[in-house]
Amino acid sequence: MRLKTSLCLLAATAGLAGCSAEGDRPGMMFLPNMVDSGVVHAFERNPRTPEKPALQAPPEGTIPFDRPVFPYGPGPEEARRAGAELKNPFQGTPEVLARGRQVYVNICSVCHGMRGEGDGPVIGRFPNPPSLQAARAKGLPDGQIVHIITRGQGIMPSHAAQVLIEDRWKAVRYLRQLQGIAPAPPPGAGPAAAETLAGGAQPPAPTGAGDGGSSAAHAAATAGGAR
Ligand code: HEC
């Protein structure tokens, strides 16, 4: 009887001790191996490589397995080649323009301004981009603009990591509308075959991350930016 009472008391005390969890304190844990598996979490320091966080950028040149590779390297020559060879696979349908507007407003307008006049809210802290309403920008072929978004140009960094390839084409459609040179949307037009998005059969560019005089941090963020 006494033994039973003591066992009950012991169990109750152990149970109560287990209830003392609070904040970061997990309370009493029996067999804690499954709770703390020894795995280094993404934002912890890895004791084996303490100079870097556990979550690391993929090795340079890494390409996504589920996205088409953008087959043009960085630089103005490749930009012109993309402009000559690529065609926008999307027509200016209301859906395409709506998505293009969303991309433009969320991503591009910060620097380029809502109407592309180079007067976005970061101006003052970031150098003024040229007006997208200027004759030069109006004369750039769609493929060249997609190249600029993908690989960057001068001090404009690559936006390959932020904007999917199809959204880059749609943003260009919207930009054309902003520039007032959009062709009227043809009735019933829809997106062309997805495999034309990255330009078809050209060999992949040998280079890895996007360029554009971007900082090391940006290069790290867009490692694998061959998208
Ligand atoms: C961080 C600011 C920034 C963002 C965001 C940005 N750009 Fe730019 N963009 C620039 C700057 C600065 C230049 C001028 C680069 C140079 O030639 O040195 C430029 C150049 C361009 C040009 C070439 C203009 C010309 O006359 O040569 C185009 C086209 C363009 N951007 C389109 C876009 C689009 C579309 C987006 C959104 C997907 C975008 N940019 C996002 C800053 C930005």
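As for the overall build of the protein chain
(1) Moving on: Per the secondary structure count, the protein chain includes 7 helices and 0 strands.
(2) Moving on: For the protein chain, the N- to C-terminal ordering of α and β elements is α-α-α-α-α-α-α.
(3) Moving on: Of all 227 residues assigned to the protein chain, the portion counted as buried reaches 29%.
(4) Moving on: Sequence separation of 24 or more characterises 70% of the internal contacts of the protein chain that already satisfy a separation of 6 or more.

Some thoughts on the nonpolar core
(1) Moving on: Counting 25 residues, the largest nonpolar core has Y104, I145, V146, A171, V172, Y174 and L175 as its most contacted members.
(2) Moving on: Of all elements in the fold, only α2 (76-85), α3 (94-112), α5 (142-151) and α6 (165-178) reach the threshold of two or more residues within this core.
(3) Moving on: The element best represented in this core is α6, accounting for 7 residues.
(4) Moving on: Apart from the residues lying within four places of it in its own chain, the contact partners of Y174 are L97, G100, R101 and Y104.

So, the site of the ligand
(1) Moving on: In the region of the ligand, 24 residues are neighbours, and C108, C111, P129, G154 and M156 sit closest.
(2) Moving on: Those elements that provide at least two residues to the shell around the ligand are α3, α4 (135-139), α5 and α6.
(3) Moving on: Considering each element in turn, the shell around the ligand owes the most residues, 5 residues, to α3.
(4) Moving on: Residue composition of the shell around the ligand, by class: 19 nonpolar, 4 polar and 1 charged.

Some thoughts on the packing of α2 against α5
(1) Moving on: Viewed as axis vectors pointing N to C, α2 and α5 meet at an angle of 140 degrees, and their least axial separation amounts to 6 Å. As the angle between them shows, α2 and α5 are arranged oblique. Handedness of the crossing formed by α2 with α5: right-handed. Packed against α2, whose contacting residues are E78, A79, R80, A82, G83 and E85, the element α5 presents G143, Q144, V146, H147 and I148 at the interface.

What about α5?
An α-helical turn contains 3.6 residues, so any two residues separated by three or four positions project in the same direction.
(1) Moving on: Taking burial as the measure, the 10 residues of α5 include 10 buried ones, the bulk of the element.
(2) Moving on: Among the residues making up α5, those that are buried are D142, G143, Q144, I145, V146, H147, I148, I149, T150 and R151.
(3) Moving on: Each element contacted by the buried residues of α5 is listed here: α2 and α6.

Points about α6
(1) Moving on: Spanning 14 residues, α6 covers 20 Å between terminal C-alpha atoms, matching the ideal 20 Å at 1.5 Å per step.
(2) Moving on: The element α6 is extensively covered by neighbouring structure, given that 11 of its 14 residues are classed as buried.
(3) Moving on: Of all the residues in α6, the buried ones are I165, D167, R168, W169, K170, A171, V172, R173, Y174, L175 and L178.
(4) Moving on: Packing partners of the buried residues in α6 comprise α3 and α5.
(5) Moving on: Positive phi appears at G180, one or two residues downstream of α6, with a value of about 75 degrees.

Comments concerning the confidence of the model for the protein chain
(1) Moving on: Averaged over every residue, the pLDDT of the protein chain is 78; residues scoring 70 or more account for 71%.
(2) Moving on: Ranking the elements of the protein chain by mean pLDDT puts helix α7 (residues 216-221) last with 36 and α5 first with 98.
(3) Moving on: Every residue in residues 199-226 is under pLDDT 50, and counting partners more than four places away or in other chains gives 70 contacts.

Thresholds, definitions, all that
Residues numbered from 1 in each chain as written. Predicted model: local features only at pLDDT ≥ 70, side-chain atom pairs only at ≥ 80, totals over all residues. Helix = DSSP H or I, 4+ residues; strand = E, 2+ residues; numbered from the N terminus. Buried ≥ 20, exposed ≤ 12 C-beta atoms within 10 Å, placed from the backbone. Contact = placed C-beta atoms within 7 Å. Core = buried A, V, L, I, M, F, W, Y, C linked by C-beta atoms within 7 Å. Near = placed C-beta within 6 Å. Nonpolar A, V, L, I, M, F, W, Y, C, P; charged D, E, K, R; others polar. Axes fitted to C-alpha atoms, helices over the stretch in contact; angles between N-to-C directions. Parallel < 35°, antiparallel > 145°, perpendicular 65-115°, else oblique. Left-handed = near helix turned anticlockwise from the far one by under 90°. Expected span 1.5 Å × (residues − 1). pLDDT = per-residue confidence, 0-100.

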